[in-house]
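Understanding the architecture of this molecule
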Amino acid sequence: MSIDPRLSKPAGDEAVMIEARGINKWYPNGYQALRGAELTVRRGEVVVIMGPSGSGKSTFLRTFNALEDFQEGSLKVGGLTLSNDLRQIDAIRREVGMVFQQFNLFPHLSVLENLTLAPVLVRGRQRAQVEEQARRLLERVGIGEQADKYPGQLSGGQQQRVAIARSLCMEPEILLFDEPTSALDPEMVREVLEVMQTLAADGMTMVVVTHEVRFARQVADRVVLMAEGQVLEEAPPERFFTNPSHERTRQFLSQIA
Amino acid sequence: MPLPPVPSRRSLARRLQAELFASPLDGLISIVLITSSVAAVLGLLHWATRQARWAVIQANSTLFAIGRYPESQQWRLWLLITLLAAAAGLSWGLLRGLPQPDRPAQRWPQNDRLALLLLSAMAVLGPFSLKLSVAIQLRWVLITALLLLLRWAAGRWAQRIPGRWQRWLPLLWPVLYLLGMVLISGGLGLIQVPSSEWGGLLLTLLEASFAILLCFPLGILLALGRRSDLPLLRWGSVLYIEFIRGAPLITLLFLGQNILGFLLPGGLAPERVWRAAWVLTLFAAAYVAEAVRSGLAAVPRGQMEAARSLGLPLPLALIHVVLPQALRVALPATVGQFITLLQDTTLLSLIGLSDLLFVAGTVMANPQYLGHNAEVYLTLAVLFWCCCAALGLGSRALERRLDPNPLPSS
Amino acid sequence: MSASPLPAAAPPIPWWRNRRLLPWLLQAGVGLIVLVLVAFLVSNLVRNLTAAGLLLSFGWLDNPAGFPIAETALPYEPSMPYWRALAAGLVNTLRVVLAGLVGATLLGVLAGSAAFSSNGLLRRLARGYVELIRNIPLLLQLVFWYFVVFLALPNGSAAIQLPGLVLAKSGLYLGAAQLVNGVWQAPISLSVEFGALLTGLVVYTGAFIAEVVRGGVASVPRGQWEAARSLGLSQPQTLVRIVLPQALRVIVPGLNSQFISLAKNSSLAVACGYPDFYSVASTTGNQTGRDVEVVVILLGAYLVIDLLISALMNGVNRLVQLKER
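Right, let's walk through the structure included here. On a predicted model such as this, the values are computed, not experimentally measured, just so you know. (Residues numbered from 1 in each chain as written. Chains lettered and ligands numbered in written order. Predicted model: local features only at pLDDT ≥ 70, side-chain atom pairs only at ≥ 80, totals over all residues. Heavy atoms only, no water.)

Bringing the packing of helix α2 (residues 82-114) of chain C against helix α7 (residues 235-265) of chain C into the picture now. Residue and element names in this part refer to chain C. Interhelical geometry of α2 versus α7 gives an angle of 140° and a closest axis separation of 11 Å. By the angle between their directions, the pair α2 and α7 is classed as oblique. In this structure, α2 crosses over α7, and the sense of that crossing is right-handed. Each of V97, G100, L101, A104, T105 and S113 in α2 lies in contact with α7, whose residues at this interface are L239, F259, L262 and A263. Residues belonging to the contact of α2 with α7 are distributed by class as follows: seven nonpolar, three polar and no charged. (Axes fitted to C-alpha atoms, helices over the stretch in contact; angles between N-to-C directions. Helix = DSSP H or I, 4+ residues; strand = E, 2+ residues; numbered from the N terminus. Parallel < 35°, antiparallel > 145°, perpendicular 65-115°, else oblique. Left-handed = near helix turned anticlockwise from the far one by under 90°. Contact = heavy atoms within 4.5 Å. Nonpolar A, V, L, I, M, F, W, Y, C, P; charged D, E, K, R; others polar.)

Structure (structure tokens):
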């Protein structure tokens, strides 16, 4: 059962969705969060980023939709170069969806309104049409009957699924996931991972920061290790988990195994 | 918190005993309080019915209500009151008739029935006890009847109104406000009534409503500036807010009355009534800004991030995501400011504007009514208390309505 | 961000879309508007004042004031200079503010604590007091106290005589009061104007302080009460020894704002006929026409009073904070 009906969207002239080169970021207090981080993500790929806490993986992820800026390096997302141009940034944000660890649903709006807010205001679409699409998306993530409830009335797993549906409603090219299951009770982690798995099967380009090894093994095309602000190793999951080349990777894997 | 007495399964006598006479000390306190309260109430009633002469209120009721507004033009005020009553009834009915999607509709909840009774009682007893002419008493009864009729009709047929029209309904009040200004002051073919002739409750409500309406958006802007990353905006807001908070209102009113003339070229200064209105607005804006600021601080940072990552530009993110949440938190404190503002209009009497308190002063200076201070002040106190308490109740009702997480068994 | 290793040079971004430039341009724009506005107002001010012969100066403060002040703690005659009159007014303000702070705090603490009494009537009366006072304007309350209560006091031998206190229309007399030729005399005598203003301020601010106290006590976790009771402490003992010290952490900042509020509200003294600082200053302004200087003096003085109160309360705040690791 697919979630995203626009499966076979024709590939644009860029098969490369994200291209990050030499990203350096310093915080105002002098601490360097990213040291020459690099990553290439192609259309339809699922890339999982792992690493110890403080390694800069969330920070790196958040540069992809300009929630974090950086001092040095270059970043192209969906063919557009990230610069100081506000119009570029807005365009990039429309095409890149993000799912947060804390869900960040809008508590004063109903679930349906959470989904329809951005498409109506940003893409200028007709509300009735968007509502129809939103209801379909909610069905497909398994919570169609909750459309008129408020986020505060839903469980954590349901809220995160709403968050995913909300991002999908903007019809993005890329979906970013920032530790999507870390704030969930264990019994709800699976329902969210299943949704993400289905999305990947539909061909969505995804970059996921997570600790869920099983998810990475089953779904990822590539797994990336980050530590101290650098990308240290990139490999397909079979090689990453059974025979990593970098010492740091082995160290990390032994800590989480 | 102390453990409250066991709830009302017990009989009334038992409950009274637990609450009032639980210990010998408590018993003593209760006896003292009961006897002194009863004595005070009886004394007050005796004074109110035997010694007080209420003629001073009855004879001057027009003065208290609208000051020296020319009699030939008073029909405009009657028209305004009728329109306001109609709009109020309509709004009230729509509020009940168009419930929120996740809650069952309640056409006539208990509070509404209470309000219905109170309004009817006031409409009949009020003008009667003020010894107004029969014609005017009738007018009040009709106006109240109109309000209640529209309330009932709107509640009944609200669902029939097409969705497209529903969006325009909130515009009713701003339009009415502007219309009200024209009716009061003149223009559009109506004779000008200069602001020096506005007085009494009319002036009080005008100043208060003007200041309340304008200080709210100003306060929001100041609060946003206060939390901005741009140093100039932040320090500018801080300076303004701290300056206002350090100054007594009467000083600022004095400034407004006496110095504004110097700050503008030539003899170009707005009328005294508007000078005071602007001072009240700018004064209250600083306090509202503080209330809104704590509301903004209560909104988690992730909300803004989520809105921006959906592609919403900053202004839209503020309007649709951050501010609605911030204002809900800031609502009690903000309405508290509005109540204070209504009370602060009494200071206008100290700078010579004919608000309710000033009119009271002129009435009491009339040799015919010398020594009637108590009656007048008590009436004013009751009037203000009712208005402020009503605002407080309204604020709590609004809070409940805006709460996105109603209790399951409500 | 600096240029990337990628070859193509990006076209320059127009200023209204430039993320880095826009905030500064916005600030510059706002700053410019404010500057222009201020320059406009100030130039008008200077021009109008010059035309009226009232250019900003403070030399006139040495001129004789020429108006009497009804009561002063500072010795004052109408022949004394204006600055002396203002000083007398300031002393009057400080007198009533200090007395008011003490009285309001006492009343507020009592009423706030009464909210936790085991006596249901006392609780409700305290609640009623707060709800009544909060919804009636202070100015109305002040004129009520002055005109309806204090000015209606009997005079001479019919005055209300309590142990150590005599309440008469001619004044309030503390200590051993004696009637001499129909006029009361006592070691400490206060005018009814002072009495009315003080009573009004104490009753009004007391209600708000009661709310602050109540909120502070309510913020102490219930477990503290339960632990104290299970150790055998009575209700009042629990309140005073266990709960109030913890509640003070929350109460002191709230007290700060109420104290400042009382100090500012004292400026309404003119309604009671009490010659406080504002009253003297506004008379000065009306007489000399030097409103600008008078307003500057007024704002400055109240600002200093506010800062002093805040500084004092910050010191108290530090004392009251729990010692944590």
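On to the interface of chain A and chain B, then. The partner chain B presents 19 residues to the 24 residues of chain A that form the contact. For the pair chain A and chain B, the summed buried area comes to about 2,100 Å², and 62% of that belongs to carbon and sulfur atoms. Three residues, R93, H108 and Y150 of chain A, lead the burial of chain A against chain B; their summed loss comes to 27% of the area buried on that side. Put simply, chain A and chain B have one salt bridge between them. A salt bridge links E305 of chain B to R62 of chain A; the nearest nitrogen and oxygen atoms lie 2.7 Å apart. If you look at where chain A meets chain B, you find four residue pairs in polar contact (both at pLDDT 80 or more). Elements represented by at least two residues in the side of chain A that touches chain B include exactly α2 (86-95), β6 (96-99), α3 (111-122) and α5 (156-169) of chain A. Among the elements that take part in the side of chain A that touches chain B, α3 of chain A stands out by supplying four residues, more than any other. When grouped by side-chain class, the residues that make up the side of chain A that touches chain B number 13 nonpolar, six polar and five charged. (Buried area = accessible area lost by both parts, 1.4 Å probe. Salt bridge = Lys/Arg side-chain N within 4 Å of Asp/Glu carboxyl O. Polar contact = N/O pair within 3.5 Å; in protein donor to acceptor, adjacent residues only side chain to side chain.)

Quick look at unusual backbone geometry now. Residues and elements named next belong to chain A. The backbone of A66 sits at a positive phi, close to 65°, despite the residue not being glycine. By the secondary structure assignment, A66 is in the loop between α1 (57-63) and β4 (72-77). A positive phi angle, close to 60°, is found at F103, a residue other than glycine. With respect to the secondary-structure elements, F103 resides in the loop between β6 and α3. Classification of F103 by relative accessible area gives buried; the value is 11%. (Buried < 20%, exposed > 50% of the residue type's maximum accessible area, 1.4 Å probe, protein only.)

With that out of the way, let us pick up the sheet that holds strand β2 (residues 32-42) of chain A. All names here are of chain A. In spatial order, the strands read β2-β1-β4-β5; together these four strands make up an open sheet with antiparallel pairing. At either margin of the open sheet sits one strand with a lone partner, and together these are β2 and β5 (80-81). Two elements, strand β1 (residues 16-26) and β2, share seven bridges in a ladder whose sense is antiparallel. If you follow I18 over to β2, its bridge partner there is V41. (Pairing = 2+ DSSP bridges.)

Taken residue by residue, the interface counts 55 residues in chain C and 52 residues in chain B. Taken together, the two surfaces of chain C and chain B that pack against each other cover about 4,700 Å², and 71% of this comes from carbon and sulfur. Looking only at chain C, the three residues that lose the most surface to chain B are Q27, N135 and L140 of chain C, adding up to 13% of its buried area. Counting the contacts that link chain C with chain B gives zero salt bridges. At the boundary of chain C and chain B, one finds 10 residue pairs in polar contact (both at pLDDT 80 or more). For the side of chain C that touches chain B, the secondary-structure elements that each account for two or more residues are α1 (21-51), α3 (120-134), α4 (138-150), α5 (192-218), α6 (222-230), α7, α8 (277-288) and α9 (291-320) of chain C. If you tally residues by element for the side of chain C that touches chain B, the top one is α1 of chain C, at 11 residues. Looking at the side of chain C that touches chain B residue by residue, the class counts come to 35 nonpolar, 11 polar and nine charged.

Residue and element names in this part refer to chain C. With their axes 9 Å apart at the nearest point, α4 and α5 run at an angle of 135° to one another. As judged from the angle between their axes, α4 and α5 are oblique. Remark: the crossing between α4 and α5 carries right-handed chirality. Listed contacts from α5 to L138, Q141, L142, W145, Y146 and F150 of α4 are V192, E193, G195, A196, L197, T199, G200, L201, V203 and Y204. Of the residues in the contact of α4 with α5, the class split is 11 nonpolar, four polar and one charged.

Glancing now at the pattern of salt bridges. The final tally for this structure, using the stated rule, is 27 salt bridges over all chains. The partner of R293 of chain B in a salt bridge is E290 of chain B, with the nearest N and O atoms 3.2 Å apart. Here E290 of chain B and R293 of chain B lie together in helix α13 (residues 272-297), a separation of three residues that amounts to about one turn. Look at the salt bridges and you will find they share partners, linking K25, R62, E68 and D69 of chain A, R301 and E305 of chain B together with R20 of chain C into a network.

Moving on: a nonpolar patch on the surface. On the surface, a nonpolar cluster with roughly 620 Å² of combined accessible area is contributed by L232 of chain B together with L26, V30, V34, V38, V42, V46 and L55 of chain C. No other element matches the six residues that α1 of chain C contributes to the nonpolar patch. Mapped onto the secondary structure, V34 of chain C falls in helix α1. By relative accessible area, V34 of chain C is classed as partly exposed at 44%. (Patch = residues over 30% accessible without salt bridge, like charges linked within 9 Å, V, L, I, M, F, W, Y side chains within 5 Å. Areas by Shrake-Rupley, 256 points an atom, 1.4 Å probe, with all protein chains shown as cover.)

Another point: the packing of aromatic side chains. Residues and elements named next belong to chain B. Under the definition given, this model contains 22 aromatic pairs over all chains. Aromatic side chains W47 and W54 sit 5.9 Å apart centroid to centroid with 75° between the ring planes, which places their arrangement in the edge-to-face category. Judged by relative accessible area, which is 30%, W54 ranks as partly exposed. Its guanidinium or amino end placed over the ring of W78, R139 lies 4.7 Å from that ring's centre, counting from NZ or CZ. (Phe/Tyr/Trp six-rings, centres within 6.5 Å; stacked < 30°, edge-to-face > 60°. Lys NZ or Arg CZ within 6 Å of the ring centre and 35° of its normal.)

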